[in-house]
Amino acid sequence: MRKGLRRGKTEPRAWQRMLSGRRLDLLDPSPMDIEIEDIAHGLARVARWNGQTVGEHAFSVAQHSLVVEEIVAHIQPAIEPRWRLAALLHDAAEYVIGDMISPFKAALGYDYKSFEERLETAIHVRFGLPAKSPSEIKTLIKQADHACAFFEATQLAGFTHAEGLEFFGAPPAGYLLHIEPMAPAQAQARFVQRFDLLSEAAGYISSPVAFGTE
């Protein structure tokens, strides 16, 4: 390169290519670039507790999401299918941003939360859900999320029973869970199967996308 000339600067890449072939803009995600197969694949490979759990396999966000949806239905058996679908997808944004432990999320502050909320909104719109869930549904899902975390913490992550109660509260009466972490492929398949069942019950049917296609 001759003296006095500089290479042109390019903006840093702000999108991620998914196995479906989609390119998801991370700063301004479009619902049209979101596919359930990408979500399931990613969540099945994201470890809860930063992987600090016992067992042959990490406990994935995909498996966690399946349990949370099950607990929501235990607490409110007559809940509409669309809100059970919302429960299944409550951590779907983590297929892009990963599962950060709560103390780290708090340290990152508003910018992280804003980024997460944009992704959550795009995911909801993509799958026929309201952009924002009603506050009572959010509260219910958070209750189920804490209940699942209690079982994870005490069975997989080394917390005592007393510590689990202190940090996450008691699980709902009558609900018992014995966790066996699934292999990624199994968690991924189960997640997609549950999504298909709930989305059909809610009146939304997705079109399958083959990985590797544009």
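The coordinates are above.
Since the structure is predicted, the reported quantities are computational estimates derived from the model, not experimental observations.

(A) Here's a closer look at the packing of helix 7 (residues 135-155) against helix 8 (residues 161-168). Between helix 7 and helix 8, the shortest axis-to-axis distance is 9 Å and the interhelical angle comes to 155°. The angle between the axes of helix 7 and helix 8 places the two elements in the roughly antiparallel class. The way helix 7 lies across helix 8 gives a crossing that is right-handed. Between helix 7, through His146, Ala149, Phe150, Ala153 and Thr154, and helix 8, the contact on the second element is made entirely by His161, Gly164, Leu165 and Phe168.

(B) Local environment of the side chain of Ser133. Here Ser133 lies in the loop between helix 6 (110-126) and helix 7. By relative accessible area, which is 12% here, Ser133 ends up buried.

(C) Structural detail: the environment of Ala58. You can see Ala58 is positioned in the loop between helix 1 (36-43) and helix 2 (61-75). In this structure Ala58 comes out as partly exposed when scored by relative accessible area, which is 36%. Once residues within four sequence positions are removed from consideration, Ala58 is found in contact with Ala47, Thr53, Pro181 and Met182.

(D) Representation of the layout of surface pockets in the model. Quantified by volume, the second largest pocket comes out at close to 210 Å³. The wall of the second largest pocket is formed by 13 residues, among which Gln63, Leu66, Val67, Glu70 and Met182 lie closest to the centre. Those elements that place two or more of their residues in the lining of the second largest pocket are helix 2 and helix 9 (184-201). Counting residues per element, the lining of the second largest pocket draws most heavily on helix 2, at five residues. Here the residues of the lining of the second largest pocket are counted per class, giving five nonpolar, two polar and six charged.

(E) Looking closely at helix 2. The terminal C-alpha atoms of helix 2, which comprises 15 residues, lie 21 Å apart, in line with the 21 Å expected from a rise of 1.5 Å per residue. Burial runs high along helix 2: 12 of the 15 residues are buried. All buried positions along helix 2 are accounted for by Val61, Ala62, Gln63, His64, Ser65, Leu66, Val67, Val68, Glu69, Ile71, Val72 and Ala73. Looking at the packing, one finds that the buried side of helix 2 touches helix 1, helix 3 (81-88), helix 4 (94-97), helix 7 and helix 9.

(F) Just the nonpolar core, in detail. In terms of nonpolar packing, the biggest core is built from 58 residues, with Ile39, Leu89, Tyr95, Ile123, Phe127 and Phe191 touching the most fellow members. The set of elements that each furnish at least two residues to this core consists of helix 1, helix 2, helix 3, helix 4, helix 6, helix 7 and helix 9. Among the elements that line this core, the one with the most residues is helix 7, at 10 residues. When neighbours within four sequence positions are excluded, Phe127 is seen to be in contact with Ile34, Glu35, Ile36, Ile39, Leu85, Leu89, Phe195 and Tyr204.

Conventions we followed
Residues numbered from 1 in each chain as written. Predicted model: local features only at pLDDT ≥ 70, side-chain atom pairs only at ≥ 80, totals over all residues. Heavy atoms only, no water. Axes fitted to C-alpha atoms, helices over the stretch in contact; angles between N-to-C directions. Helix = DSSP H or I, 4+ residues; strand = E, 2+ residues; numbered from the N terminus. Parallel < 35°, antiparallel > 145°, perpendicular 65-115°, else oblique. Left-handed = near helix turned anticlockwise from the far one by under 90°. Contact = heavy atoms within 4.5 Å. Buried < 20%, exposed > 50% of the residue type's maximum accessible area, 1.4 Å probe, protein only. 1 Å grid on protein atoms, 1.4 Å probe; cavity = no way out; pocket = protein on both sides within 12 Å on 5 of 7 lines; lining within 4 Å. Points joined across faces, edges and corners; volume = space filled by probe spheres on them. Nonpolar A, V, L, I, M, F, W, Y, C, P; charged D, E, K, R; others polar. Expected span 1.5 Å × (residues − 1). Core = buried A, V, L, I, M, F, W, Y, C linked by side-chain atoms within 4.5 Å.

Any functional reading would require information that these geometric values do not contain.
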